[in-house]
Amino acid sequence: MPKFILITGRTAGQGEALPKGKESEDYRQATECIEMNPVDRERLGLQAGQRVRVRTAFGEAVLVLREKELPEGMVFVPLGPGANALIGAETRGTGMPDSKGLEVEVEPLCG
Amino acid sequence: MIGIINGEVYDPQNGVNGQICEIWVENGKIVPPPDLEKRGGAQIIDASGMVVMPGGVDIHSHIVGAKVNAGRKFRPEDHRDHVRSRTAYTRSGSGYTVPSTFLTGYGYAELGYTTVMEAATAPLTARHTHEELEDTPMVDKGVFITMGNNHFIMNCIRTKQLEKARHYVAWLLGASKGYAIKIVNPGGVENWKWGRNVSTLDDEVIGFGVTPRQIITALAWINDELGLPHTPHIHGINLGQPGSARTTVETIKALEGRRAHLCHLQFLSYGGEPGKSLRSGALEVARAVNEHPNITVDIGQVVFGQVTTMTSDGPLQYRLHQLTGQKWINDDVEGETGGGIVPMEYKRRNWINAIQWITGLELFLLIEDPWRVFLTTDHPNAGPFFCYPQVIKLLMDRDYRAEMLEKVHPRARKRTVLAELDREYSLYEIAIITRAGTARALGLKNKGHLGLGADADIAIYRKMDDKEAMFARPYLVLKDGQIVVRDGQVLHEYQGRTLYVAPSYDPGVESDLRTHFEECYTVSFENYPVAPDYLPRSEVVSCT
Amino acid sequence: MWIENVVCPFCGCLCDDIAVEVEDNRIKSVKRACSNGRSVFLHAPTEARRPVVDGKEVDWPDAIDAAARILMKSASPLIYGLSSTASEAQRKAIALADLLGASIDSTSSICHGPTSIGIQSQGEPTCTLGEVKHRSDLVIFWGCNPVEAHMRHFARYSVLARGKFTPQGRKDRTVVVVDVRPTLTARNADIFLQLRPGSDYEVLITLRAMLKGARLDVAEVGGVSVAQLADLVERMKRCRFGVVFFGMGVTQTGGKHWSIAELVALAAELNAHTRFNVMPMRGHGNVAGADCTLTWQTGYPFAVNFARGYPQYNPGEFTAVDLLARQEVDAALIIASDPMAHLPRQAAEHLNRIPTIVLDPEMNLTARVARVVLPTAIYGISAVGTAYRMDNIPLPLKKVVNSPQPTDEQVLDWIIERVKT
């Protein structure tokens, strides 16, 4: 299973959807996605718009794949419930979880 | 009604020097002795064997606002071992040199202080200062507004539009709910924004074509024109530098007889040559102060131990960071001022620190008129405010002073006149330098004395030989006629007033200001002034 | 009716030049705001909402009573959030924490908490945003993406803004972006340094070494060639007034506060050559205010616990993620934040197990699991208050529409009164 480095962060879409409510369709669409560069996407045989299962040592989430200009081997997930399912709660004495730089696995969603 | 009887009263403003007399209090004010019938219903405080003074008035202390708060935030090591638990009536908090706001209010009241002036706030951050003041209980308070590196004022000086600057200053004091004009290293803080400073009164401020001398004299003129209750409050150039005594004397002369207050004079009274070794310049500076009745000063006495240096003097703080290697905060504020913070420790066995300690005491003892020299430690720069009783003991007790002098670095002892100065302050003089004189210099007519109509802010101390112990723990403190402290402990929380000025100005200046805000600031003209509702209790002190 | 000079409460930019058109107590249109800001104003809830206890709508006194009972019964309550409320409410929240002996933490702990820790070790040469606008000829964005998160930062403060000593705006500045991916911000940069994820610390310490004249026997550090790093050092030394804006790319990665301390030390050392400052890009509208109010009332900016009767500070112990993940709190009061949406799931899940109280204008994911929901007015839209910009400048939040809801401050006052009696 190929491993990727996960970066989480703010996006314009996520910010704009926030005031519309966490239960709005806009918010769901803006946050429940994962970005990947075209080379990695093709290597994995995935299509943009496809739902994928994303897994870390701490949890997993089902997200919609989007194509984006990113370094190979890196995926990006906007801040939100999807990202929070993937990151751990260990803060190593800082209060801050490791929200960027985790190893993740990405696989097509079957069934 | 409360009557304080049998106490030794020190009320220098009214010439009362230790006589036993009665003080009567009603509705927060000092009132005449009541008739016998009314006396019966009054609460009587028997102050036999005690000293009764007006509540203390601190003319210069850094207690609230953006800079103080940054100092608190970056010094957890200052707070960890210095905590205060909550009680049913008071809040908890932490901090030694930079205590949290509630602790600051309690701490001042527990020394018998009832009025404190925050010594420097950038007007752009005044709203923050007033929020913190609301959380600073027990004392009345006011804020000095930094103007010595203000772009609008410097532009007016260059274009010779002092009238416009006058209207602006009036507007600015009202907008920031400030009490006085503060000048910090005029021009030097602006130059620091390009990595430079000023070192003489006639250096040029980069990009503005004005000089420190012009800034000081313009603001001193404006202060007189507006009839502000206090004088301009000046932290001069070359603070902390060998040779600063000379620029301090030049600054006094540059004022040409106009009223001014020079703050924490100790830091500006060093002899020697710039870049060379430090020595006391107290003789030279005290002579100039003695010869110029238009000048008042506070000392900024060094107290050995931990401090947090914090001033609006950006280049000075960078120099301290380089000297000490300690962590450093810098904060340049657009169009107005700057500042920095560096933790430090003054050590007896460090000869430079010892010279600083000696210089402050020499100034106290060489300046003759107690109505023009005031007790401060420039809290928390030279020492924390709760060390005032230690300074009082040094001034009142020459044996103690000699004993302490023996303990400092011998190199510092070699070239000081301190050992020869046998002056001892009396209780009457202590009452002047901690309350009567400061209230007079601030133009607070209802404070610093116990005459009829004065605010009933009163401190009662048990008379003791050890003056440090005596002043560290008042028997009672009354604020606005209410007993708020007993045996050095706050009894309940009390919200004091914020004192500010609102001089009138020509509203025509506002159109210029709108343009200035668009060009100079990142906030709008409308969102800049502090609305009155930020001051839950306030009093406008009138201009003359 | 148009209301001018409105402060947008959404992000740490607190743009105060917004115009809002209001008709019949509804916001009709918004001028000058970014897409995030427009969305805040146009989607602000205005309908009356009643408090909810155990899934049932109740009157305010009953809801306050329920909230107070939960807090009084709790042996170890947590108060968390604070970044999207006014400082007036933050101060009340701290007073309540003091009264209860609670832990109190803001969302700072998951954005710039490591920045505070870094500053506590090294200090912080900084300035207000106007100084950047007027003076900076070198602007570095490190691990932050203002084009998406602080959309008007470029125009108002840092890149495009024309100032007294930067009359040509963009042309007068060199813009450098340091990030692990080519963000929209990076596309606007003159120089983009793409780091290998997690290498901020080693790149920063390398820059410090190079500034001190160290010669390196490697070709690259953190995915960036030594030649590029040498070029950056030269630019930093030669500029007139430099600034580094940094974000969660630094605080959430690898060394966290160690990286921040290196960044601060680098900026401080550059002041031997020129003027150099740093500034954290604060996210939520008043998260900087949460640091300020906590600091002036307790001495510490976040991660505070009052269990001993006085404030104690310890990130990693009294921070929300740790307290929740270790299940060390038995009740929670969440103010103007949505931890169910923003904390790691392992931590947030605990809010499902303990009685939780939510103060928020919106129905959010945390409110869905809360025992008590107290719907409040929105500061900056339906309530006045104070917020602190990312450079700690305090600004007045306006009330542009009326709301039937009480403010966070009022509700916290009611709870305090109830707890005291």
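The numbering scheme is per chain: residues are counted from 1 as the chain's sequence reads. All chains are assigned letters beginning at A, and all ligands numbers beginning at 1, according to the order in which they are written. With the structure being a predicted model, the display of local features is reserved for residues of pLDDT at least 70 and the display and counting of side-chain atom pairs for 80 or more, all residues being used for whole-chain, interface and lining totals. As a rule here, side-chain values cover all heavy atoms of the structure and leave hydrogens and water aside.

As a further point, take the overall build of chain C. Looking only at helices and strands, one finds 19 helices and 22 strands in chain C. Atoms counted for the radius of gyration: C-alpha only. Globule rule: 2.2 Å times the number of residues to the power 0.38. Compactness check: chain C gives a C-alpha radius of gyration of 22 Å against a globular reference of 22 Å for 421 residues, within 12% of the reference. Dimensions of chain C along its principal axes, counting C-alpha atoms only, are 70 × 50 × 30 Å. Accessibility here uses a 1.4 Å probe with only protein chains present; expressed as a share of the type maximum, an area under 20% marks a residue as buried, one over 50% as exposed, and anything in between as partly exposed. Classification of the 421 residues of chain C by burial places 69% in the buried group. We call two residues in contact when some of their heavy atoms are within 4.5 Å. Considering only intrachain contacts with a sequence separation of at least 6, the fraction spanning at least 24 residues in chain C is 68%. Working definition of accessibility: Shrake-Rupley area with a 1.4 Å probe, residue cover restricted to the visible protein chains. With the model as given, the accessible surface of chain C reaches about 13,200 Å², and the carbon-plus-sulfur share is 48%. Secondary structure elements follow DSSP: runs of H or I of four or more residues count as helices, runs of E of two or more count as strands, with numbering from the N terminus.

Once that is clear, we can look at the interface of chain B and chain C. Counting residues at the interface gives 56 residues for chain B and 63 residues for chain C. Taken together, the two surfaces of chain B and chain C that pack against each other cover about 4,900 Å², and 49% of this comes from carbon and sulfur. For the chain B face of the interface with chain C, the top three residues by lost area are B:Lys73, B:Arg86 and B:Trp194, together amounting to 15%. When a carboxyl oxygen of Asp or Glu is within 4 Å of a side-chain nitrogen of Lys or Arg, the pair counts as a salt bridge. Linking chain B with chain C are 10 salt bridges. Close ionic contact of B:Glu134 with C:Arg91 constitutes a salt bridge, the shortest N to O distance being 3.1 Å. Side-chain atoms alone can form a polar contact between residues adjacent in sequence; in general such a contact is a pair of N or O atoms within 3.5 Å, and within protein one must be able to donate a hydrogen while the other accepts it. The tally of links from chain B across to chain C stands at 45 residue pairs in polar contact (both at pLDDT 80 or more). A 1.4 Å probe defines the accessible area here, and the buried area is the portion of it lost by two parts on being joined, summed over both.

All names here are of chain C. By secondary structure assignment, the location of Lys420 is in helix H19 (residues 408–420). Judged by relative accessible area, which is 57%, Lys420 ranks as exposed. Taking the C-alpha atoms as reference points, Lys420 and Leu99, 321 residues apart in sequence, are found 8.3 Å from one another.

Another point: the sheet that holds strand S11 (residues 191–194) of chain C. Residue and element names in this part refer to chain C. Here the rule is simple: two strands pair whenever DSSP picks up at least two bridges between them. An order of S11-S10-S9-S14-S15 is seen for the five strands of this open sheet, with the pairing classed as parallel. The two strands at the open ends of the sheet, each matched to only one other strand, are S11 and strand S15 (275–280). For this sheet, the mean angle separating the axes of adjacent strands, direction not counted, is 15°. As paired strands, strand S9 (residues 138–142) and strand S14 (residues 241–246) are joined by five bridges and run parallel to one another. Each bridged residue has a counterpart across the sheet, and for Leu138 the counterpart in S14 is Gly242. Sheet strands touched by helix H10 (residues 226–238): S9, strand S10 (174–179), S11 and S15. Its angle to S11, the strand with the most contacts, is close to 130°. Fitted lines through C-alpha atoms serve as axes, helices being fitted only where they are in contact, and the angles separating the N-to-C directions of these axes extend from 0 to 180 degrees.

The next thing to look at is the packing of helix H7 (residues 162–176) of chain B against helix H19 (residues 509–520) of chain B. All names here are of chain B. The geometry of H7 relative to H19 is characterised by a closest axis approach of 10 Å and an angle of 80° between their N-to-C directions. With respect to H19, the element H7 is oriented roughly perpendicular. Across the interface between the two elements, Lys164, His167, Tyr168 and Trp171 of H7 pack against Val509, Glu510, Asp512, Leu513 and Phe517 of H19. In the contact of H7 with H19, the residues fall into five nonpolar, one polar and three charged. Convention used here: angles under 35 degrees read as roughly parallel, angles over 145 as roughly antiparallel, angles from 65 to 115 as roughly perpendicular, and any remaining angle as oblique. Residue type decides the class: Asp, Glu, Lys and Arg count as charged, Ala, Val, Leu, Ile, Met, Phe, Trp, Tyr, Cys and Pro as nonpolar, and the leftover types, Gly among them, as polar.

Residue and element names in this part refer to chain B. In terms of burial, helix H10 (residues 244–254) is largely enclosed, as eight of its 11 residues are buried. Looking only at H10, the buried set comprises Ser244, Ala245, Thr247, Thr248, Val249, Thr251, Ile252 and Ala254. Looking at the buried side of H10, the elements it contacts are helix H9 (212–226), strand S13 (260–262), strand S14 (270–271), helix H11 (282–291) and strand S16 (295–298). Just downstream of H10 lies Glu256, where phi reads positive at about 50°.

The subject of this paragraph is the environment of B:Cys21. All names here are of chain B. Tracing the backbone through its elements, the reader meets Cys21 in strand S2 (residues 16–26). Accessibility expressed as a relative area gives 26% for Cys21, which makes it partly exposed. Spatially, the C-alpha atoms of Cys21 and Leu262 are 35 Å apart, while their sequence positions differ by 241 residues. Contacts of Cys21, omitting those with residues within four sequence positions, involve Ile4, Asn6, Gly7, Val9 and Val16.

The residues that make up patches have over 30% relative accessible area and no salt bridge, and they are joined within 9 Å when like-charged or within 5 Å when they are Val, Leu, Ile, Met, Phe, Trp or Tyr. Charged-residue counts in this description rest on Lys and Arg as positive and Asp and Glu as negative, His and the chain ends being excluded. Charge placement uses NZ in Lys and CZ in Arg. For Asp and Glu, CG and CD serve respectively. Taken together, B:Arg279, B:Arg411, B:Lys414 and B:Arg415 make up a surface patch of like positive charges. As for its position among the elements, B:Arg411 is in helix H16 (residues 410–414).

This part takes up the domain arrangement of chain C. Note on interface size: it is often stated as the accessible area lost on association of the parts. Residue and element names in this part refer to chain C. When the domains of chain C are assigned, the result is domain 1 (49–111 + 285–420) and domain 2 (113–280). Once you take the C-alpha centre of each, domain 1 and domain 2 turn out to be 33 Å apart. Tallying the contact residues gives 13 residues for domain 1 and 16 residues for domain 2. Counting across the interface, domain 1 meets domain 2 through zero salt bridges. Counting across the domain 1 and domain 2 interface gives five residue pairs in polar contact (both at pLDDT 80 or more). Here the side of domain 1 that touches domain 2 is built from residues that sort into eight nonpolar, two polar and three charged. An automatic or database domain assignment is the source of the domain bounds shown.

Sheet strands pair by backbone hydrogen bonding; their relative direction is either parallel or antiparallel. If you walk across this open sheet you meet the nine strands as S5-S4-S20-S19-S18-S6-S7-S16-S17 (chain C), and the pairing is mixed. Two strands lie at the open edges of the sheet, namely strand S5 (56–57) and strand S17 (312–313) of chain C, each paired on one side alone.

The final tally for this structure, using the stated rule, is 82 salt bridges over all chains. Across the pair A:Glu69 and C:Arg187 runs a salt bridge, and its minimum N-O distance is 3.4 Å. Taken as a pair, A:Glu69 in the loop between strand S4 (60–67) and strand S5 (74–78) and C:Arg187 in helix H8 (residues 184–187) lie in two separate chains rather than in one. With relative accessibility at 47%, the residue A:Glu69 sits in the partly exposed group. Residue C:Arg282 is joined to C:Asp291 by a salt bridge in which the shortest nitrogen-to-oxygen separation is 3.0 Å. The same class applies to C:Arg282 as to C:Asp291, namely buried. Because the salt bridges share partners, they merge into one network encompassing B:Lys29, B:Asp140, B:Lys447, B:Asp455, B:Asp457, B:Lys479, B:Asp480, B:Arg497, B:Arg537 and B:Glu539.

Another point: the confidence of the model for chain C. pLDDT: the predictor's confidence for each residue, scored from 0 to 100. On average, residues of chain C score 97 in pLDDT, and 100% of them reach the 70 mark or higher. In the predicted complex, the global pTM is 0.97; the interface-specific ipTM is 0.98.

With an omega of -5°, the peptide bond between B:His379 and B:Pro380 qualifies as cis. For B:Pro380, the position within the fold is in the loop between strand S20 (373–374) and helix H14 (388–396).

The tendency in soluble globular proteins is for nonpolar side chains to be buried as a group. If you look at the biggest cluster of nonpolar residues, it comprises 206 residues, and the most contacted ones within it are B:Val169, B:Tyr179, B:Trp357, C:Leu96, C:Ile104 and C:Leu374. Here this core takes 10 residues from helix H13 (residues 351–366) of chain B, the largest share from any one element. With 46 residues, the next largest nonpolar core counts C:Cys8, C:Val139, C:Cys144 and C:Tyr157 among its residues. Nonpolar cores are built from buried Ala, Val, Leu, Ile, Met, Phe, Trp, Tyr and Cys residues. Side-chain atoms within 4.5 Å join them into one set.

Looking now at a nonpolar patch on the surface. Where nonpolar side chains cluster on the molecular surface, the patch consists of C:Tyr201, C:Ile205 and C:Trp258 and spans about 310 Å² of accessible area. Along the chain, C:Ile205 falls in helix H9 (residues 200–211).

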